[in-house]
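# Summary of the model geometry
Below, each chain spelled out in residue letters.
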Amino acid sequence: MPASDLAAIVAELRAAESVLITTHVNPDGDAVGSALALAHFMLALGKTEITVGLEHRVPRLYQWLPGAENVVESEAIPASFDIALVIDVARRDRIGTVANHIPKSAKVIVLDHHLESAPYGDMYLVDPTYAAAGEIVTECFSVAGVPMSMDAAVCAYVAITTDTGGFRFSNTNARTHLIAARLVETGIDVATISSRCFDVMSEPKFRLLRYVMDAVQFGNGGKLAYAEVTAKAMEEAGALGEDFDGIINFIRNIEGVEVAVLFREVNLGTTKVSLRSRPGFNSAEALHNLGGGGHAAAAGATLPMQLASARERVLESVLAQLRKTE
Ligand SMILES: [Mn+2]
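What counts, and where the lines are drawn
Residues numbered from 1 in each chain as written. Predicted model: local features only at pLDDT ≥ 70, side-chain atom pairs only at ≥ 80, totals over all residues. Heavy atoms only, no water. Donors = N, O, S within 2.8 Å, 3.2 Å for Na, K, Ca; no water. Helix = DSSP H or I, 4+ residues; strand = E, 2+ residues; numbered from the N terminus. Pairing = 2+ DSSP bridges. Contact = heavy atoms within 4.5 Å. Axes fitted to C-alpha atoms, helices over the stretch in contact; angles between N-to-C directions. Buried < 20%, exposed > 50% of the residue type's maximum accessible area, 1.4 Å probe, protein only. Lys, Arg positive; Asp, Glu negative; His and termini not counted. Salt bridge = Lys/Arg side-chain N within 4 Å of Asp/Glu carboxyl O. Core = buried A, V, L, I, M, F, W, Y, C linked by side-chain atoms within 4.5 Å. Polar contact = N/O pair within 3.5 Å; in protein donor to acceptor, adjacent residues only side chain to side chain. Right-handed = clockwise from strand over helix to strand, strands pointing away. Domains from an automatic or database assignment. Buried area = accessible area lost by both parts, 1.4 Å probe. Arc of directions from axis to C-beta.

What follows covers the coordination of the manganese ion. For a metal with four tetrahedral donors the ideal donor-metal-donor angle is 109.5 degrees, while six octahedral donors give ideal angles of 90 or 180 degrees. Protein coordination at the manganese ion comes from D30 (OD), D88 (OD), H113 (NE2) and D163 (OD), with a distance range of 2.1 to 2.3 Å. All donors of the manganese ion belong to a single chain; written as a sequence motif, their spacing is D-x57-D-x24-H-x49-D. Of the two residues, D88 is situated in the loop between β4 (83–87) and β5 (107–112) and H113 in the loop between β5 and β6 (123–126); the sequence distance between them amounts to 25 residues.

Here you go:
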């Protein structure tokens, strides 16, 4: 399937009557923010049959976003709709159980910014030069020539500010700021949004952070830092998967560290791994052979193996790439 431009996609959305909007499992700020911004976009186009459906519930951190209260779980997705809009992910296997609720009759349109060689969808726009999927949604408003509501702008701003770490990560470019400026011009309260996204830490997350900081180990002369969290430690902290958001950055921030790896035991046969790296080390590439995906600076994978095996396999791949860059 050839890539489509945004004008063609917007024309398709204008012609639709009903739409399902979804994103990847374990949704982060960009996933939730861009999916909800898209819902506001469809509203701005005059559509009324809009469903935002996710396998997982909206993380606590983003439940205050305008429209988050309307998000439904897979089972509540209507039996039929014209278009399934998939945002911030371009792989069918990453939208979880939602995939089972997309009828063959629905056209699938994918909007994403991850490195993906074979995107899912009948139409897609996958452009890794965008720092966040929320930027693409903001472009939709411009392409369609419809005004952006403050609610839409709040959602898109959360998407962009979280995926860029507050406009600090290497994916941030001039266009990111230009797009963000359009959002700020709607009158949104940047200070309050930023505080809600970055400053507020739940007690379980604080306990998880304390645990991880204590568990960090180093390798390769300090260029590698990694930590692992067992299911038992998670339970003791009272933490959920969403509480891991951002924790790995503390490890990558240690001076001299080029790649940070965080392992999380989901159960005895499943381990999640996250990678964050500095320029020069490609995280997505390091996890490619293990079925992972993401960006050069940030990538992740879910491995069907126990913690110790996952640690061995991932560190082997990471160390091999570290040696290549030396
Ligand atoms: Mn994203």
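There's more to say after this.
The subject of this paragraph is the sheet that holds strand β10 (residues 270–277). In space, the six strands of this open sheet follow the order β7-β8-β9-β10-β12-β11, with mixed pairing throughout. In this open sheet, the two edge strands, each paired with only one partner strand, are β7 (217–219) and β11 (293–294). This element, helix α7 (residues 203–215), spans β7, β8 (224–229) and β9 (259–267) of the sheet and lies at about 130 degrees to β8. Against the sheet, helix α11 (residues 307–325) makes contact with β8, β9, β10 and β12 (298–303), and its axis sits at roughly 160 degrees relative to β9, the strand it touches most.

Note that R264 resides in strand β9. E265 provides the closest opposite charge to the buried, unpaired R264, separated from it by 9.1 Å. Those residues in contact with R264, other than ones at most four positions away along the chain, are V229, M234, G241, F244, T270, T271 and K272.

All right, on to the nonpolar core then. The nonpolar side chains of a soluble globular protein tend to be buried with one another. Formed by 54 residues in total, the largest nonpolar core has its most connected members in L13, I21, F41, L65, L85 and L111. Once residues within four sequence positions are removed from consideration, I21 is found in contact with A35, L38, A39, M42, I50, T51, V52, G53 and L85. Counting 22 residues, the second largest nonpolar core, distinct from the first, contains F281, L287, V314 and V318.

Moving on to the side chain of E265. Inspection of the secondary structure assignment puts E265 in strand β9. From its side chain, E265 meets the backbone nitrogen of A231 in a polar contact 2.8 Å long. Residues in contact with E265, not counting those within four places in the same chain, are V229, T230, A231, K232, T270 and L307.

What follows deals with the pairing of strand β1 (residues 18–22). Of all five residues in β1, five are buried, a share of seventy percent or more. Alternating residues of β1 divide into S18, L20 and T22 and V19 and I21, and every residue in both groups is buried. Pairing of β1 with strand β2 (residues 49–54) involves four bridges; the strand directions are parallel. What sits directly across from S18, in β2, is E49. With helix α2 (residues 29–44) bridging β1 and its parallel neighbour β2, the resulting β-α-β unit is right-handed. In terms of strand pairing, β1 meets β4 through four bridges, oriented parallel. If you follow V19 over to β4, its bridge partner there is I83.

Another aspect to go through is the domain arrangement of the protein chain. By domain assignment, the protein chain separates into domain 1 (6–199) and domain 2 (203–325). With centres defined by C-alpha atoms, the gap from domain 1 to domain 2 works out at 26 Å. Every contact between the two is made by 13 residues of domain 1 and, on the other side, 14 residues of domain 2. In this assembly, domain 1 packs against domain 2 so that about 950 Å² is buried in total across both faces, 43% of it on carbon and sulfur atoms. Considering only the surface of domain 1 that becomes buried against domain 2, R60, L115 and F169 emerge as the three largest contributors, covering 41% of it.

Counting through the fold element by element, E139 comes out in helix α3 (residues 133–144). Residues E139 and A7, 132 residues apart in the sequence, show an inter-C-alpha distance of 9.9 Å. The contacts of E139, once residues within four sequence positions are left out, are L6, Y130, R175, I179 and R182. Polar side-chain contacts of E139 include one of 3.0 Å to the side chain of Y130.

Further remarks concern helix α1 (residues 6–15). Here α1 has its buried residues at L6, I9, V10 and L13. One face of α1 carries all of its buried residues, which in axial projection span an arc of 100 degrees. Lining the buried residues of α1 we find α2, β4, β5, β6 and α3.

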